[in-house]
Amino acid sequence: MVRIVSLVSGSGTNLQALLDAIGHRGPSYGAEVVAVGADRHGIEGLARAERAGVPTFVHRVRDFVDRAAWDRAMTASVEAYAPDLVLSAGFMKILGPAFMAAFRDRVVNTHPALLPSFPGAHGVRDALRYGVKVTGCTVHFVDEGVDTGPIIAQQAVPVEPDDDEAVLHERIKTVERRLLVDVVGRLARDGYRIEGRKVYIP
């Protein structure tokens, strides 16, 4: 059984989709969420974990002398749960060198655009402003850059003429949750290898 630590910063809908899939499929899904970490208190993502009986921890950047100290603390807390994969979907902090050294090629993230187009925190807004007719979501491994890691899977989402950012983002998130659950399950059950920028799942 693959052990997953999920990192959240907000509502935790991706986490909930994963918890629901695990609850529905049981051991046949191939993975379990062993802990949930966050960068702030009082968020729904933590409440979802607590309702599911999953241990939680919080490290706020402001509580540390610098970002490097926060990164080391986050690394140590995640390492304590011995995860096979770390899920960073919806986690709004960039993970630093210590974290990446400890979990290289094991951190999975989602992004609400078809990378490498529209990376960063405003992928939906940027796609709308550019005037694309099709956008989508990407599940990828995290590296030292911002949304630059090897792509695992993508799915297209059409942009409708009357879309605003909120409406389009919600449509993308619906697809994103399904894609993430599928990808994490496949990684857990079948394994994977990374060669350069390509991810292979048997």
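Residues numbered from 1 in each chain as written. Predicted model: local features only at pLDDT ≥ 70, side-chain atom pairs only at ≥ 80, totals over all residues. Heavy atoms only, no water.

### A word on the pattern of salt bridges
Between side chains of opposite charge, a pair can form as their charged atoms come close. Overall, the coordinates contain 10 salt bridges when judged by the stated rule. Linking lysine 93 and aspartate 39 is a salt bridge whose minimum nitrogen-to-oxygen distance equals 2.8 Å. Of the two residues, lysine 93 is situated in the loop between strand S4 (85-87) and helix H4 (97-103) and aspartate 39 in the loop between strand S2 (31-38) and helix H2 (44-51); the sequence distance between them amounts to 54 residues. The exposure class of lysine 93 is partly exposed, given its relative accessible area of 28%. A salt bridge links arginine 51 to glutamate 44; the nearest nitrogen and oxygen atoms lie 2.5 Å apart. Under the relative-accessibility criterion, arginine 51 is labelled exposed at 57%. (Salt bridge = Lys/Arg side-chain N within 4 Å of Asp/Glu carboxyl O. Helix = DSSP H or I, 4+ residues; strand = E, 2+ residues; numbered from the N terminus. Buried < 20%, exposed > 50% of the residue type's maximum accessible area, 1.4 Å probe, protein only.)

### A word on the side chain of serine 6
Mapping serine 6 onto the fold places it in strand S1 (residues 2-8). With sequence-adjacent residues up to four places away left out, serine 6 is seen in contact with Leu15, Ala35, Val36, Gly37 and Leu87. (Contact = heavy atoms within 4.5 Å.)

Everything listed is a geometric property; what it means functionally is a separate question.
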